[in-house]
Amino acid sequence: MQFQKTAAKLQKILRKTKLFIMEIFNKISIDKAKQLISEAKKIVLTAHLNPDGDALGSTLALYNIFKSEKECKIILPNNIPDTFKWMPSCNEILIWNPSYENLIKEADLIFLLDFNNASRVDKMQKFLEESPAKKIMIDHHPQPQEGLCEVYFSFPEAAATCELVYTFCKECGININIEAARCIFTGLVTDTGCFQFNCTGQRTFQVASELAVMDFDRSEIIHHIYDSYTEGRMRLEGYVLSNKMKVFPEYHTAYISLSLAEAEKFGYKVGDTEGFVNLPLSIENVKFSAFFMERDGIIRCSFRSKGGFKVNTIAEKYFNGGGHDNAAGGKSYKSLEEVVSRFVSLMPKVTKELQ
Ligand SMILES: [Mn+2]
């Protein structure tokens, strides 16, 4: 009994010390970040391949803040889904091509947003790693690549990078304008599935409530994100649900697989299958869901879960990937059939704690 009390006390002290150390660490990195921003004339903002609402929200938020005072560019590895083309200044984003090499080389400061490893910017990786520019990472994926940046504002417990961009700006004393607020709100909404996923924390609501004081139309943003499907996208979802979803009640698991040829029958565009991986989780008792799709010659694998079941370990161990506890991804160079049959054969083993 005495031992338990002492252990609890010790834990409390440890927690406090950890928080204290984090605060000091934060203060140092914020001071450094402030200095780097004030010294920089040319700023480049970048985010991960296949940018989502959070990647676009965080880059565009900072862009809308910096563009009046700095020579600022957003360079992304590939195309932006149509769903997000309404975002403030979205038409000013540069999509990577080798002629932008100099922008990366000559930048004073580069922000790495919503990714933890240089490999996530695809063909830009080499240029990013070799650039003499100072670098600041703001991100919520676990295990950021070491030695890449001068400042890491990296917190895996944050629901979205946009949540961190907001906190970062506040701590640096940077004013958040309406355009930036709309971008940050977009990232919060998309990465939390409209504030419903497990990752949504007290801090997420706090940021959202501080943004809510500002004068912009929140429901308009939500309509843009959720009510902008093409007819083909909507019918593809119907097809996938009735023909392609396999449910395994004994394992509390479901998966969807889709070939490019099938998707193309519905006028498929990149981004159309966004969110498909979450669909099976709406079934009672399904706690683990996977989505496999053939794209660019490889099989993209996405995994989601409800509750305490961790999918990042599965993505890492069996599908060349990783990610968050409840949302992860991976890839395979095998055929779609092979990947799916591997998943099915792994199911009894990896879902042990759900059975
Ligand atoms: Mn994110």
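Residues numbered from 1 in each chain as written. Predicted model: local features only at pLDDT ≥ 70, side-chain atom pairs only at ≥ 80, totals over all residues. Heavy atoms only, no water.

> Just give me the short version of the overall build of the protein chain, but keep the residues and values in it.
For the protein chain, the helix and strand inventory stands at 12 helices and 12 strands. For 355 residues, the compact-globule formula gives about 20 Å, and the C-alpha radius of gyration of the protein chain, at 21 Å, lands near that figure. Principal-axis analysis of the C-alpha atoms places the extent of the protein chain at approximately 65 × 55 × 40 Å. Across the 355 residues of the protein chain, 50% fall into the buried class. Split by element, the accessible area of the protein chain, about 17900 Å² in all, is 52% carbon and sulfur. Averaging the positions of the 43 positive and the 44 negative side-chain charges in the protein chain gives two centres separated by 6 Å. (Helix = DSSP H or I, 4+ residues; strand = E, 2+ residues; numbered from the N terminus. Rg over C-alpha atoms; globule rule 2.2 N^0.38 Å. Buried < 20%, exposed > 50% of the residue type's maximum accessible area, 1.4 Å probe, protein only. Areas by Shrake-Rupley, 256 points an atom, 1.4 Å probe, with all protein chains shown as cover. Lys, Arg positive; Asp, Glu negative; His and termini not counted. Charge placed at Lys NZ, Arg CZ, Asp CG, Glu CD.)

> I'd like a description of the sheet that holds strand E5 (residues 134-139), backed by residues and values.
Strand order in the open sheet formed by 6 strands is E3-E2-E1-E4-E5-E6, and the pairing between neighbours is parallel. This sheet does not close on itself; its edge strands, each paired only once, are strand E3 (94-95) and strand E6 (151-154). Summarising the sheet, strand E1 (residues 42-47) and strand E2 (residues 71-76) pair through 4 bridges and their orientation is parallel. If you follow isoleucine 43 over to E2, its bridge partner there is cysteine 72. Taken strand by strand, helix H2 (residues 53-66) contacts E1, E2, strand E4 (109-113) and E5, and its axis lies near 165° from that of E2. Packed on one face of the sheet, helix H5 (residues 161-172) meets E4, E5 and E6 and runs near 120° to E5. (Pairing = 2+ DSSP bridges. Contact = heavy atoms within 4.5 Å. Axes fitted to C-alpha atoms, helices over the stretch in contact; angles between N-to-C directions.)

> Mind laying out a negative patch on the surface, listing which residues take part and the relevant values?
Together, Glu264, Glu294, Glu337 and Glu338 make up a region of like negative charge exposed at the surface. Tracing the sequence through the fold places glutamate 338 in helix H12 (residues 336-350). (Patch = residues over 30% accessible without salt bridge, like charges linked within 9 Å, V, L, I, M, F, W, Y side chains within 5 Å. Salt bridge = Lys/Arg side-chain N within 4 Å of Asp/Glu carboxyl O.)

> Account for the packing of aromatic side chains, with residues named and values stated.
Counted according to the given criterion, the structure contains 22 aromatic pairs. Ring geometry for phenylalanine 292 against phenylalanine 303: centres 6.0 Å apart, planes inclined by 80°, an arrangement best described as edge-to-face. Note that phenylalanine 292 is positioned in strand E9 (residues 288-295) and phenylalanine 303 in strand E10 (residues 298-305), a separation of 11 residues in sequence. Residue phenylalanine 292 is classed as buried on the basis of its relative accessible area, which comes to 0%. (Phe/Tyr/Trp six-rings, centres within 6.5 Å; stacked < 30°, edge-to-face > 60°.)

> How would you sum up the sheet that holds strand E11 (residues 322-323)? Please name residues and give values.
The 6 strands are arranged E7-E8-E9-E10-E12-E11 in an open sheet whose pairing can be described as mixed. Two strands in the sheet have a free side with no partner beyond their single neighbour: strand E7 (245-248) and E11. Sheet topology note: the E7/strand E8 (residues 253-258) ladder contains 4 bridges and is antiparallel. Paired with valine 247 across the strands is alanine 254, a residue of E8. Sheet strands in contact with helix H9 (residues 231-244) are E7 and E8, and its direction is about 125° off that of E8. H12 contacts E7, E8, E9, E10 and strand E12 (327-332) of the sheet and is inclined by roughly 175° relative to E8.

> Describe the environment of cysteine 162, listing the residues and the values that go with them.
Looking at the element boundaries, cysteine 162 is found in helix H5. C-alpha of cysteine 162 to C-alpha of alanine 212: the two residues are 50 residues apart in sequence and 15 Å apart in space. Once residues lying within four places of it in the same chain are set aside, the contact partners of cysteine 162 are Asp54, Gly57, Ser58, Cys183, Ile184, Gly187 and Leu188.

> I'd like to hear about the pattern of salt bridges, residue by residue, with values.
Tallied over the full model, the rule gives 10 salt bridges. For the salt bridge of glutamate 101 with lysine 105, the shortest nitrogen-to-oxygen distance reads 3.5 Å. Highlighted residues: glutamate 101 and lysine 105, both in helix H3 (residues 101-106), separated by 4 residues, approximately one helical turn. Here lysine 105 falls in the partly exposed class, since its relative accessible area comes to 45%. Note that glutamate 231 is salt-bridged to arginine 235, the shortest N-O span being 2.8 Å. Remark: arginine 235 and glutamate 231 occur in helix H9; sequence separation between them is 4 residues, near one turn of the helix.

> Can you explain the pairing of E4? Please cite residues and give values.
Moving residue by residue along a regular strand, the side chains alternate between the two faces of the sheet. Burial analysis of E4 places 5 of its 5 residues in the buried class, which makes it a mostly covered element. Side chains of E4 alternate between two faces, with Leu109, Phe111 and Leu113 and Ile110 and Leu112 buried alike. With 5 bridges connecting them, E4 and E5 associate as parallel partners. What sits directly across from leucine 112, in E5, is methionine 137.

> Account for the domain arrangement of the protein chain, with residues named and values stated.
According to the domain assignment, the protein chain contains domain 1 (2-226) and domain 2 (232-354). Computed from C-alpha coordinates alone, the two centres of domain 1 and domain 2 are separated by 27 Å. Tallying the contact residues gives 8 residues for domain 1 and 9 residues for domain 2. Of the roughly 690 Å² buried between domain 1 and domain 2 on both sides combined, carbon and sulfur atoms contribute 47%. On the domain 1 side of the contact with domain 2, Asn50, Pro142 and Asn198 bury the most area, a combined 43% of that side's loss. (Domains from an automatic or database assignment. Buried area = accessible area lost by both parts, 1.4 Å probe.)

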